[in-house]
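Structure assessment
Here is what each chain is made of, one letter per residue.
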Amino acid sequence: MEALGINTTWLIAQIVNFGLLLFILSRLAYKPVLTALNTRKQKIQESLDYAESVKKQAAEQQKDFDLKLEEARRSAQAAAAVAAQAGEKEREVILAQAREDARKLIDQAKEQIEYERKQMLAELRQEVVQLSLLAAQKAVSQSLDEPAHRRLVTDFLAQTDALSKN
Amino acid sequence: MKRWLSIILFAAVLLVPGFVLPRFDVKAVTASVAVKPEVLFELELGSFNFPISNTLFTSWIVMLMLVLFAFAATRKMSLVPGGWQNVLEVIIEAIYKLCENTAGAVRAKKFFPVVATIFLFVLVSNWLGLIPGFGPIGIIPVDAKHPAPEGIATFPLSRDLQEFFGPKHADHHEYVLAPFVRSPSTDLNMTIGLALIAMVLTQIFGMQALGVVKYWFARFIMIGKFVEFFKTLGKGKPKFGLFVFGLLDLFVGILEFISEVSKILSFTFRLFGNIFAGEVVLLVMAFLFFAAPFIFYAFELFVGFIQAFVFALLTLIFMTIATTAHGAEEHH
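Residues numbered from 1 in each chain as written. Chains lettered and ligands numbered in written order. Predicted model: local features only at pLDDT ≥ 70, side-chain atom pairs only at ≥ 80, totals over all residues. Heavy atoms only, no water.

Along chain B, the regular secondary structure elements total nine helices and four strands. Helices and strands appear in chain B in the N-to-C order α-β-β-α-α-β-α-β-α-α-α-α-α. Accessible surface, chain B: about 17,900 Å² in total, of which carbon and sulfur atoms supply 73%. (Helix = DSSP H or I, 4+ residues; strand = E, 2+ residues; numbered from the N terminus. Areas by Shrake-Rupley, 256 points an atom, 1.4 Å probe, with all protein chains shown as cover.)

Now the structure itself:
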């Protein structure tokens, strides 16, 4: 043993050395570092969890947002459709009104024309009566008395009237 | 810039032992290749003289380095690590993961400090011995009868220092160079010490985990089958097969005990042999050819790491086995 340099003093010294080093390093290195590693692990886990939850929340919000957007789009479309329908109705009402008005105007105009034609016909008839009277007076000259004469002409006119109506 | 500096440093580290020293004809850089560590000086503690060997001295340097490193790394702990803290964390985390994977989370807490301290202490010890330039600087006693070997540059010490360093006993007068720094791993006291610590702690942990009686009777004193045999004998129907297996178990228990003791020896000489031989190889290579140590330096760095790792890993594995409840048959 002595030849190999083994002796109790040095052996014990080395064992004590190791014990001392074990103690110091445990206190100075292992404990704080392992604690730090654990804390960091926890922090990272927490951060990851938080990120995950935020991500989930964001996804939910996105979904919500999409849903609302879709809803808004649909309601906008509906409103547009309603408006379009109302416009159509309005247009038809206006058109109908216009058609009605036009028809009324035409009718009025027709009535007017009819009335004027009748007027003119009446006037013309009067004129013809006068002219016939004058002509008949000249031709017959005193052969008939005034009332008989008038009756004669009126009969004649009635006949022509009936003719023209047919 | 920094990279260049490190390359130059590296080259210098490689060149000094291989190239520069032989040029200067310093033949006896480490004149002695002795297993026994050299005594640097003796501390007088009352009536008891405590000889301080260079390996013991270097052990203290190693411890100091580790403690300073740990101190520097944990002085200002921050959640976002940087610098030394980062280095220490990487090392500790790697060792802790190893412990966890081998022994499980619960036992890892218990084994880790021992395993980590073994690894760090052995690693720094191994590597410290490799630093060139430390080996050749030391104390050598010289007088008229015994001049310094040729090629050794000597500087006389003052009388006080001579008093301090000189071996107190005449029979210690060996006229060999006593380097100041010598890797503790090349001292059998240190390797035996570590092996004893590792194996004794292994047994203690085993007994703690399984209970003293159960631990001994399950591993070393396996008389379970004998007991069964005598039970059957008592009933009048002896099963002689049990008796044979009982004998076998007894023998296996003895073998187990021997193997446990021999682990101390294998621990001791594996580390010592590898590191001591490595340093001798480097020394020899330096005198063969100046470029040879280049390769061997890299190799010895590797060996230094591997030996530290093996020592720590085996300790861890033995502790794990010792604390695992098992029938002895399953483990051979």
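Additional details are given in the paragraphs that follow.
Residue and element names in this part refer to chain B. Here strand 1 (residues 39-45) pairs with strand 2 (residues 48-53) via six bridges, running antiparallel. Following the sheet pairing, Val-39 is matched in strand 2 by Ser-53. What sits between strand 1 and strand 2 in their antiparallel hairpin is a turn of two residues, with Gly-46 showing a positive phi close to 65°. (Pairing = 2+ DSSP bridges.)

Turning to the interface of chain A and chain B, a few remarks are in order. Listed per partner, the contact involves 30 residues of chain A and 45 residues of chain B. The contact between chain A and chain B buries some 3,300 Å² in all, and 79% of this surface belongs to carbon and sulfur atoms. For the chain A face of the interface with chain B, the top three residues by lost area are A:Trp10, A:Gln14 and A:Phe18, together amounting to 23%. Where chain A meets chain B, there are one salt bridge. Here B:Glu89 and A:Arg40 are joined by a salt bridge, their closest N and O atoms 2.7 Å apart. The tally of links between chain A and chain B comes to seven residue pairs in polar contact (both at pLDDT 80 or more). Counted by class, the side of chain A that touches chain B contains 21 nonpolar, six polar and three charged residues. (Contact = heavy atoms within 4.5 Å. Buried area = accessible area lost by both parts, 1.4 Å probe. Salt bridge = Lys/Arg side-chain N within 4 Å of Asp/Glu carboxyl O. Polar contact = N/O pair within 3.5 Å; in protein donor to acceptor, adjacent residues only side chain to side chain. Nonpolar A, V, L, I, M, F, W, Y, C, P; charged D, E, K, R; others polar.)

Attention shifts here to a nonpolar patch on the surface. The grouping of B:Val212, B:Val213, B:Phe217, B:Ile221, B:Ile223 and B:Val227 at the surface amounts to a nonpolar patch, some 480 Å² of accessible area in total. By the element assignment, B:Val227 lies in helix 7 (residues 224-234). (Patch = residues over 30% accessible without salt bridge, like charges linked within 9 Å, V, L, I, M, F, W, Y side chains within 5 Å.)

To continue, consider the nonpolar core. Ranked by internal contacts, the top residues of the largest apolar core, which has 56 residues, are A:Tyr30, B:Ile92, B:Phe112, B:Ile118, B:Phe121 and B:Phe267. Those elements that place two or more of their residues in this core are helix 1 (8-140) of chain A together with helix 2 (54-74), helix 3 (83-128), helix 5 (188-210), helix 8 (240-288) and helix 9 (292-322) of chain B. In this structure B:Phe121 touches A:Gln14, A:Phe18, A:Leu21, B:Ser59, B:Val62, B:Met63, B:Leu66, B:Met190 and B:Leu194, once residues within four positions along its chain are discounted. Residues A:Trp10, A:Ala13, B:Ile139 and B:Ala178 belong to the second largest nonpolar core, which totals nine residues. (Core = buried A, V, L, I, M, F, W, Y, C linked by side-chain atoms within 4.5 Å. Buried < 20%, exposed > 50% of the residue type's maximum accessible area, 1.4 Å probe, protein only.)

Attention shifts here to the pattern of salt bridges. Counting across every chain of the model gives 13 salt bridges over all chains. Of the charged contacts, one joins A:Lys68 and A:Asp64 as a salt bridge, the two residues approaching to 3.9 Å between their closest N and O atoms. A residue pair is termed a helical-turn pair when its members lie 3 or 4 positions apart in one helix, as A:Lys68 and A:Asp64 do in helix 1 at four residues. For A:Lys68, a relative accessible area of 56% corresponds to the exposed category. Classification of A:Asp64 as partly exposed rests on a relative accessible area of 42%. Beyond isolated ion pairs, a larger network of salt bridges with shared partners links B:Arg219, B:Glu256, B:Glu260 and B:Lys263.

All right, on to the environment of B:Tyr215 then. All names here are of chain B. Along the polypeptide, Tyr-215 turns up in helix 6 (residues 212-219). With relative accessibility at 0%, the residue Tyr-215 sits in the buried group. Each C-alpha atom, one on Tyr-215 and one on Gln-203, is 8.8 Å from the other, the two residues being twelve residues apart in sequence. Look past the residues within four positions of Tyr-215 in its chain and what remains in contact with it is Thr-202, Gln-203, Gly-206, Met-207, Leu-210, Phe-220 and Ala-322. Engagement of the side chain of Tyr-215 in a polar contact is seen with the side chain of Gln-203, the distance being 2.4 Å.

In this structure, B:Gln85 sits in helix 3. Polar side-chain contacts of B:Gln85 include one of 2.8 Å to the side chain of B:Glu89. When near neighbours in sequence (up to four residues on either side) are disregarded, B:Gln85 contacts A:Arg40, B:Ala73, B:Lys76, B:Met77 and B:Ser78.

Here we come to the packing of helix 3 of chain B against helix 5 of chain B. All names here are of chain B. Where helix 3 contacts helix 5, the two axes come as close as 12 Å, and the packing angle between them is 170°. Looking at the two axes, helix 3 sits roughly antiparallel to helix 5. Together, Lys-110, Phe-111, Val-114, Ile-118, Phe-121, Val-122 and Ser-125 of helix 3 and Met-190, Leu-194, Ala-198, Leu-201, Phe-205 and Gln-208 of helix 5 make up the contact between the two elements. (Axes fitted to C-alpha atoms, helices over the stretch in contact; angles between N-to-C directions. Parallel < 35°, antiparallel > 145°, perpendicular 65-115°, else oblique.)

So, about the side chain of B:Asp249. All names here are of chain B. Mapped onto the elements of the fold, Asp-249 is located in helix 8. Among the polar contacts listed, one links the side chain of Asp-249 to the side chain of Lys-225, at a separation of 3.4 Å. Non-local contacts of Asp-249, meaning those with residues more than four positions away in its chain, are made with Met-222 and Lys-225.

Let us look at the confidence of the model for chain B. Residue and element names in this part refer to chain B. With 74% of its residues at a pLDDT of 70 or more, chain B has an overall mean of 80. No element of chain B has a lower mean pLDDT than helix 1 (residues 2-23), which averages 59, and none a higher one than helix 5, which averages 93. Long-range and interchain partners of residues 24-31, a stretch whose pLDDT sits below 50, account for 17 contacts in this model, where long-range means more than four residues apart. Overall, residues 328-332 carries pLDDT values under 50, and its contacts beyond four positions in sequence, including any with other chains, amount to eight contacts. (pLDDT = per-residue confidence, 0-100.)

What follows concerns the environment of B:Thr58. Residues and elements named next belong to chain B. Within the secondary structure, Thr-58 sits in helix 2. Classification of Thr-58 by relative accessible area gives buried; the value is 0%. Spatially, the C-alpha atoms of Thr-58 and Leu-128 are 8.4 Å apart, while their sequence positions differ by 70 residues. The contacts of Thr-58, once residues within four sequence positions are left out, are Leu-128, Phe-180, Val-181, Arg-182 and Pro-184.

On the surface, a cluster of positive charge is made up of B:Lys231, B:Lys235, B:Lys237 and B:Lys239. Of note, B:Lys237 is situated in the loop between helix 7 and helix 8. (Lys, Arg positive; Asp, Glu negative; His and termini not counted. Charge placed at Lys NZ, Arg CZ, Asp CG, Glu CD.)

This part takes up the packing of aromatic side chains. Residue and element names in this part refer to chain B. Taken as a whole and judged by the stated rule, the model has 18 aromatic pairs over all chains. When the centroid spacing of 5.5 Å and the interplanar angle of 90° are considered together, the rings of Phe-220 and Phe-257 count as edge-to-face. Remark: Phe-257 occurs in helix 8 and Phe-220 occurs in the loop between helix 6 and helix 7; sequence separation between them is 37 residues. The class of Phe-220 is buried, set by a relative accessible area of 7%. Residue class for Phe-257 comes out partly exposed when judged on its relative accessible area of 39%. Consider the rings of Phe-272 and Phe-276, whose centres lie 5.2 Å apart with planes at 15°: the pair is stacked. With Phe-272 and Phe-276 both in helix 8, this residue pair falls four residues apart, about one helical turn. In this structure an aromatic cluster arises from ring pairing among Phe-226, Phe-229, Phe-230, Phe-240 and Phe-243. (Phe/Tyr/Trp six-rings, centres within 6.5 Å; stacked < 30°, edge-to-face > 60°.)

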